[in-house]
Amino acid sequence: MTRAFAVLASASFAAALVCAWGWYRAAGERADLSSLSPEERQELTQEMLAVSPGAFVQALFEPAVGYTLRPKGKITAWGDTFEANEIGYRTGPLPGRRGGRKGDRRVRIVFLGDSWTFGMGIRQEESFPARVAELANRLGAAGGRPVEALNLGLPGYNTLNEIAALDFFYDRLRPSAVVICPTGNDADSTANVLPNGSLTRMGIERDGFGSDHPLVFPRLVDSFEFRSRWRRDFDEIRSLEQRLRARGVPLLIYFAATWEERFAHELIRQSGITSPYVVTPRQLASPRWRNPPPWLHGTPEANRLYSHMVYRGLAERLGWPPPPEEKDAEVPVHRHPPAGAEAEARDLLAQETAKFPESYVPGREVAFQCTGPMDCKTGLAGKATTVLVRRRPGATSIKVALRRLPNASSILPLPVRVSIPSPGGGTEARAVLRAGGPDPLTVSVPIPPGAPAGAALDVTIRAARAVSAPAVVAPRSLFIAGIEQIDPVLKAGDEP
């Protein structure tokens, strides 16, 4: 699943789709929709619908699942035409109802994941879950028992959705083993379903991680929110591991798509997971192994190599024979993180966080700073958003400059809360944007005690209300004119 937010100052239905996932921008484009011609907007809408088609339905039966495909619906999307099964996934029919059929000897491997596990841009039978089953059956791995892959991967899922789906459908799936396939954006918020069946991150009042607005992390960063969300993800995998172990069902973790292996090791270490795991080599998710835009996921050949890596991990868990040698897929099955994983991950996060500025200035090409719904180029923000700034040594507070929206007097006076979360509870300050008040309005909030220099601060701006207009689908509340850090020896407004 690729991700990022496009501009909020946009027009037409395309805005909803761009704000929904931003596959377009993640592919290296930046769409300023307000400057596009009607023809260009229509073309962009068609591109967005191709990536997020009207194929989804909200999981009203269990909100934690988020959504599924239309059950038993014939769907043409993501480079394939297929029929979703009775519970809304691109996989085969489920075994019989509770109790099953007499003499059913199938070995069922349930795969949990997102668009990489789904196989975006390729056919169902070319995805690595299907190829794992194909390889196992070709080798007679289960002693003559047929092996079947049940693929619960869907575009846009995160770890919380995936585990919720397994828990809800467990009695109907009756797995012999489970493979969960985290990808590098599983700490991002999941989506809502639009009336036409497409996905959007607009309208999120509370995501699965407890945030009151959607968050997307385009890169690794040492921030409180980033670390907390990943810790939650892998604590949930650890809990899943314990539930499966009590049922006698083995678990394999397959780190799919692009991963920094040092970070993967640390996630396993800090969670206490004991199941084996496999990490995809970075080169196998490089452009050479990805299909053309707009999909940019693993090619059929890449999925064949992924299947060899996953099969090897399952073979060790299930006592299957080893796979044939495959030069590009010879990666280790890890049983525990290597020594020094914690220090290596800490160094990695420090290196990545060093790329973040110590301030936020609209117009600067640092869109990765803006993890909440906003246009990082102009500072136009949704009802709530988050901006990352790297803490400067010696700084004691953050100064945030806020501007009123033009032609939006209906939301004034506008109460605003600026906060910085931390393990100790964080800090916050409140202010009110008024029609006749200062513009910009400056809000100062103390940096939480214990926030280390060099780490990123999650500066969150929440407005009491937001506004939209017929030509602007995305809600917006104010402009963030800038964020800077204040040193106690300097006066506010002085250059550090």
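Model, not experiment: these values are computed from the prediction.

### Considerations on the pattern of salt bridges
Here is step 1 of the chain: Taken as a whole, this structure holds 26 salt bridges when the rule is applied.
Here is step 2 of the chain: Note that D212 is salt-bridged to R462, the shortest N-O span being 2.6 Å. Of the two residues, D212 is situated in the loop between β9 (199-200) and α7 (224-246) and R462 in strand β18 (residues 456-463); the sequence distance between them amounts to 250 residues.
Here is step 3 of the chain: One network of salt bridges, in which partners are shared, links R123, E125 and E126.

### Notes on the packing of α7 against helix α8 (residues 261-271)
Here is step 1 of the chain: One can describe the packing of α7 onto α8 by two numbers: an axis separation of 9 Å at closest approach and a directional angle of 65°. As for the relative orientation of α7 and α8, their crossing is right-handed in sense. Here F226, W230, R231, F234, D235 and R238 of α7 lie close against α8, whose contacting residues are F263, L267, I268, Q270 and S271.
Here is step 2 of the chain: Among the residues making up the contact of α7 with α8, the classes are represented as six nonpolar, two polar and three charged.

### Overview of helix α6 (residues 159-173)
Here is step 1 of the chain: Counted at 1.5 Å a residue, the expected span for α6 with its 15 residues is 21 Å, but the 18 Å between its end C-alpha atoms falls short.
Here is step 2 of the chain: Most pronounced at D167, the bend in α6 amounts to some 40°.
Here is step 3 of the chain: Here α6 lies mainly inside the structure; 11 of its 15 residues are buried.
Here is step 4 of the chain: Buried within α6 we find T159, L160, N161, E162, I163, A164, A165, L166, F169, Y170 and L173.
Here is step 5 of the chain: The elements touched by buried residues of α6 are β5 (107-112), β6 (147-151), β7 (177-180) and α7.

### Quick notes on the sheet that holds strand β11 (residues 277-279)
Here is step 1 of the chain: One open sheet holds the five strands; their spatial order is β6-β5-β7-β10-β11, and the pairing between them is parallel. Edge strands, defined here as strands with exactly one partner in the open sheet, are β6 and β11. This sheet shows a mean twist of 20° between the axes of neighbouring strands, independent of strand direction.
Here is step 2 of the chain: Across five bridges, β5 lies against β6 in parallel orientation. Looking across to β6, one finds that I109 is bridged to A149.
Here is step 3 of the chain: Set on the sheet, helix α5 (residues 128-139) makes contact with β5, β6 and β10 (251-255); between it and β6 the angle comes to about 175°.
Here is step 4 of the chain: Its contacts with the sheet put helix α9 (residues 300-318) on β5, β7, β10 and β11, and the angle it makes with β10 is roughly 155°.

Conventions adopted
Residues numbered from 1 in each chain as written. Predicted model: local features only at pLDDT ≥ 70, side-chain atom pairs only at ≥ 80, totals over all residues. Heavy atoms only, no water. Salt bridge = Lys/Arg side-chain N within 4 Å of Asp/Glu carboxyl O. Helix = DSSP H or I, 4+ residues; strand = E, 2+ residues; numbered from the N terminus. Axes fitted to C-alpha atoms, helices over the stretch in contact; angles between N-to-C directions. Left-handed = near helix turned anticlockwise from the far one by under 90°. Contact = heavy atoms within 4.5 Å. Nonpolar A, V, L, I, M, F, W, Y, C, P; charged D, E, K, R; others polar. Expected span 1.5 Å × (residues − 1). Bend = angle between axes of the 7 residues up to and from the residue. Buried < 20%, exposed > 50% of the residue type's maximum accessible area, 1.4 Å probe, protein only. Pairing = 2+ DSSP bridges.

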